[in-house]
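Summary of structural features
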Amino acid sequence: MSSNPLSYLDSFNARQLSALDVARDFVAPSQFYQLLGLNHCVLIGPRGSGKTTLLKMLQPDSSFAYSSGAHGATAQNIAFVGIFVPADVRWAKQLAAHVDGIDCEETKKRLYEVAFGTSIFLALLDTIDKCIEISKNSNSNDHEKFKFILERPNEVTLALRLAELWSTPISIPSLSELKHKLRMRQTRFPTWASQLRNGVSLHELSMDDPYLALGWLDGIVTAIETINEFIEKQNQRWALLLDELEIIPPSLLQSIVSCLRSTSSQLIFKLALSPSASGIFSRIQEDEPTQGNDFKILNLWYNERNDLRNFATRLLCQALKHRGFEISEANLSTKLGKSSIYEEDNGEESLEYPDSKLTEGNLSKDKRQTLFSELAKKDDSFMEFLQRSKIDLANLDLSDRKKQGPLIRKIMPLVQFRNRAVKSWKKEKSVLRSGKIAHEPYFGFPNILDITEGNPRWILNLADLLDGEHIKKSLPIFSQSVQAAAITAMHKRFAAMLKIYPIHASKKDEIATLYEFLETLAGSIRQKLYFDAFSPDPAQSFEIDPAGAREYGIFLETAIHLGALVIMNPESPKRLLDSPESIGLIGSRVRLCYRLAPEFFLPLRSTGQTRISSAMNKNDANQKVQAEEKMEPSQRGLF
């Protein structure tokens, strides 16, 4: 067990940790190394995907601490000094309340920009303090970009010049005094807003206090140019690390995005926001920045299983070692046990996984034949499919040498799930098994990793649950009892949060909560998996069509923000500029996250697709009700 008082591995949110605490146990995903260069970057990911952690790792003190350990080359690859500007829901929400009642939109925007600029200026001064501290504590020449030697006379002069640039007089010439005066500025916003609501013009206020006329971009650019002169590093690059931009007003977000095309060569932007706010990049005009030319987007979710498993393996191993387990990346599959069936593929972009390869895991040839035979006996549609496809139950060869080998591999997970769920299937009715269905399809390596989606917060949650159940039951973590309890807790906790997460009322009376929305989508998948005739390509993903976005936009945006829905084709949304609702999501293909798969007993795959509007259609809902009426009473609501 680690003796560190605070650790990234003990916290589900890096916001509560210092940069040094985050750096101590940081496990870098592949996207981290793409952030280190001089290009503008936009990190897009759901809640818990590590956006805050990645930005914090670009700060001078965290980069210095990380590279001082076993990662010495990392700091040398960072080409800038990072200014981390934490998300401040307090000022964003409070200021929104204060400006309510101000009629002029330009005046509102000006107040937002002044508040935003104040946060940036304070973050810049904090960054200077961190660099000064590094200079005191490091004798090495390896981190020169982070070293600022400011003797007292220089600090006095620099503080006075920054105070002049920012129209913020200081009585004591020091950086500490300047920070104090900027914080005093923050307390003035309610007063300014009240004056503006009562008829005082912004021009009048600006004449009295020029700070209100200061643009945030000019303020930060002129400041870093001044600082570079003082530290005698004229070409020193700086990066604004802006977190959780989805909470800020759209007009301010547009102002920030517009800076990605032309600004000072000494200033770089590293932005982080939720996928639900990424629609702004679908609305940019021809003269505004474009992806690939002016900035690059880094998606913090995984469409390729190998990438997901690689990161999840490293982070889970480190988290379990932190909790006292003797475990390594090499033996994780042994410690967790092997999944009965798991898939290896080259991504989920195609609808039919033409490049997918199914691995049997611990499912032997005899068990495979038993599985297929059991379903064929009780499911007329499956028997008809086998006969139509010329699949011989006595010779279920998975190899590519056999003509039917790829098809057998492809349908095996569907057969596994359908056989567990269906008691009998005939054209007239389908009956599901009563009682609790086990979570065995999700056990072991790598399926239990897939459930985490590579989301750092979910991986740490899994480590915590496995450890807790291991202690409670006095059983190893590969035991089914331990894993079943951990998996159940994971999806039940998530489902409980989705049932109470605040959301605007739906236009359709039958959908009241986010969970019910997702349950309806899952119901459309269950209909195809367990009640319709067997199909090798049941639709298990959804296209966000204009009608679906218009009707269920708030549900879609919130589900994607929370990670309950995963975007599968982030580069493909259509630019429908005449449709403002959920514009950035139209044309996206999404699937239910794998963390919810045990909740609804769904395979860890997403072949086929249907439109959101169709999946949510009342006719589909009626089909679901009729199908449930055919189920045994004890089975209803089981999934």
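Provided above is the structure to which this section pertains.
Here goes a summary of the coordinates provided. Source: prediction; values computed, not measured.

With respect to helix α17 (residues 405-421)
In this model, α17 (17 residues) spans 25 Å end to end at C-alpha, consistent with the 24 Å of a helix rising 1.5 Å per residue. Within α17, the axis deviates most sharply at isoleucine 411, by approximately 40°, and proline proline 413 lies no more than four positions further along. Taken across its 17 residues, α17 has 14 buried, putting it largely inside the fold.

Structural notes on the side chain of serine 479
Within the fold, serine 479 resides in the loop between α19 (456-473) and α20 (480-500). Among the polar contacts listed, one links the side chain of serine 479 to the backbone oxygen of proline 476, at a separation of 2.9 Å.

Quick look at the nonpolar core
Nonpolar side chains tend toward joint burial in soluble globular proteins. By size, the foremost hydrophobic cluster in this structure holds 165 residues, and its most contacted members are Leu124, Trp166, Phe382, Phe517, Leu518 and Leu565. The greatest single-element share of this core, amounting to 14 residues, is contributed by helix α7 (residues 105-137). For phenylalanine 517, the residues in contact, after removing those within four places along its chain, are Ile511, Tyr552, Phe555, Leu556, Leu565 and Met616. Within the second largest apolar cluster, 24 residues are counted, among which are Met57, Leu58, Ile78 and Phe84.

What to know about the sheet that holds strand β2 (residues 81-85)
Backbone-to-backbone hydrogen bonds pair the strands of a sheet. The strands run either parallel or antiparallel. Strand order in the open sheet formed by five strands is β2-β3-β4-β1-β5, and the pairing between neighbours is parallel. Only two strands of the sheet have a single partner each, and these edge strands are β2 and β5 (295-299). Each adjacent strand pair in this sheet contributes to an overall mean axis angle of 20°, direction not counted. With five bridges joining them, strand β1 (residues 40-44) and β5 adopt parallel strand pairing. The residue bridging cysteine 41 from the neighbouring strand is lysine 296, located in β5.

A short note on helix α13 (residues 305-322)
Relative to the 26 Å expected for 18 residues at 1.5 Å per residue, α13 spans 25 Å between its end C-alpha atoms, a close match to the ideal helical length. All buried positions along α13 are accounted for by Arg305, Leu308, Arg309, Phe311, Ala312, Thr313, Leu315, Leu316, Cys317, Ala319, Leu320 and His322. One or two steps after α13, the chain reaches glycine 324, where phi turns positive at roughly 100°.

Some details on the pattern of salt bridges
Using the criterion set out here, one finds 17 salt bridges in the structure. The salt bridge partner of lysine 179 is aspartate 126, with a shortest N-O separation of 3.1 Å. Remark: aspartate 126 occurs in helix α7 and lysine 179 occurs in helix α9 (residues 175-197); sequence separation between them is 53 residues. For lysine 179, a relative accessible area of 11% translates into the label buried. With a relative accessible area of 32%, aspartate 126 lands in the partly exposed category. One salt bridge connects glutamate 440 with arginine 420, and the closest N-O pair in it is separated by 2.5 Å.

Digging into the sheet that holds strand β11 (residues 565-567)
One open sheet accounts for four strands, arranged β11-β12-β10-β13; its pairing is mixed. In this open sheet, the two strands that pair with only one neighbour each are β11 and β13 (610-611). Across three bridges, β11 lies against strand β12 (residues 589-592) in antiparallel orientation. Bridged to isoleucine 567 within β12 is valine 590.

A few points about the packing of α7 against helix α11 (residues 216-230)
Relative placement of two packed helices is described by the angle separating their axes and the distance separating the axes. It is at 9 Å that the axes of α7 and α11 come closest, and there the two elements cross at 20°. Considering their axes alone, α7 and α11 lie roughly parallel with respect to each other. Between α7 and α11 the crossing geometry is right-handed. Together, Glu113, Phe116, Gly117, Ile120, Phe121, Leu124 and Ile128 of α7 and Trp216, Gly219, Ile220, Ala223, Ile224 and Ile227 of α11 make up the contact between the two elements. For the contact of α7 with α11, the residue count by class is 10 nonpolar, two polar and one charged.

Focus on the pairing of β12
Residues Arg589 and Arg591 line one face of β12 and the alternating positions Val590 and Leu592 line the opposite face, and both faces are buried. The sheet contact formed by strand β10 (residues 542-543) and β12 spans two bridges and is antiparallel. Each bridged residue has a counterpart across the sheet, and for phenylalanine 542 the counterpart in β12 is valine 590.

Some thoughts on the packing of α17 against helix α21 (residues 514-531)
Taken N-terminus to C-terminus, the directions of α17 and α21 make an angle of 85°; their axes are 9 Å apart at the nearest point. Judged by the inter-axis angle, α17 sits roughly perpendicular to α21. Of α21, the residues touching α17 (which contributes Leu414, Phe417, Arg418 and Ala421) are Lys528, Leu529 and Tyr530. Looking at the contact of α17 with α21, its residues break down into five nonpolar, no polar and two charged.

Section: the packing of aromatic side chains
Under the counting rule described, the total for this entry stands at 21 aromatic pairs. Relative to tyrosine 66, the ring of phenylalanine 26 lies with its centre 5.3 Å away and its plane at 75°, an arrangement referred to as edge-to-face. One end of the pair, phenylalanine 26, is in the loop between α1 (19-24) and α2 (30-34); the other, tyrosine 66, is in helix α4 (residues 60-68), and 40 residues separate them in sequence. Across the pair, tyrosine 66 and phenylalanine 26 agree in class, each one buried. Ring geometry for tryptophan 216 and phenylalanine 269: centres 6.4 Å apart, planes at 90°, overall edge-to-face. One end of the pair, tryptophan 216, is in helix α11; the other, phenylalanine 269, is in strand β4 (residues 267-273), with 53 residues separating them in the sequence. In this structure, tryptophan 216 and phenylalanine 269 share a single accessibility class: buried. Within the aromatic cluster, the residues linked to one another by ring pairs are Phe26, Phe32, Tyr33 and Tyr66. Residue placement shows arginine 591 over the ring face of tyrosine 594; its charged tip is 3.9 Å from the ring centre. The ring of tryptophan 458 has arginine 595 lying over it, and the distance from NZ or CZ to the ring centre is 5.0 Å.

Parameters and conventions
Residues numbered from 1 in each chain as written. Predicted model: local features only at pLDDT ≥ 70, side-chain atom pairs only at ≥ 80, totals over all residues. Heavy atoms only, no water. Helix = DSSP H or I, 4+ residues; strand = E, 2+ residues; numbered from the N terminus. Expected span 1.5 Å × (residues − 1). Bend = angle between axes of the 7 residues up to and from the residue. Buried < 20%, exposed > 50% of the residue type's maximum accessible area, 1.4 Å probe, protein only. Polar contact = N/O pair within 3.5 Å; in protein donor to acceptor, adjacent residues only side chain to side chain. Core = buried A, V, L, I, M, F, W, Y, C linked by side-chain atoms within 4.5 Å. Contact = heavy atoms within 4.5 Å. Pairing = 2+ DSSP bridges. Axes fitted to C-alpha atoms, helices over the stretch in contact; angles between N-to-C directions. Salt bridge = Lys/Arg side-chain N within 4 Å of Asp/Glu carboxyl O. Parallel < 35°, antiparallel > 145°, perpendicular 65-115°, else oblique. Left-handed = near helix turned anticlockwise from the far one by under 90°. Nonpolar A, V, L, I, M, F, W, Y, C, P; charged D, E, K, R; others polar. Phe/Tyr/Trp six-rings, centres within 6.5 Å; stacked < 30°, edge-to-face > 60°. Lys NZ or Arg CZ within 6 Å of the ring centre and 35° of its normal.

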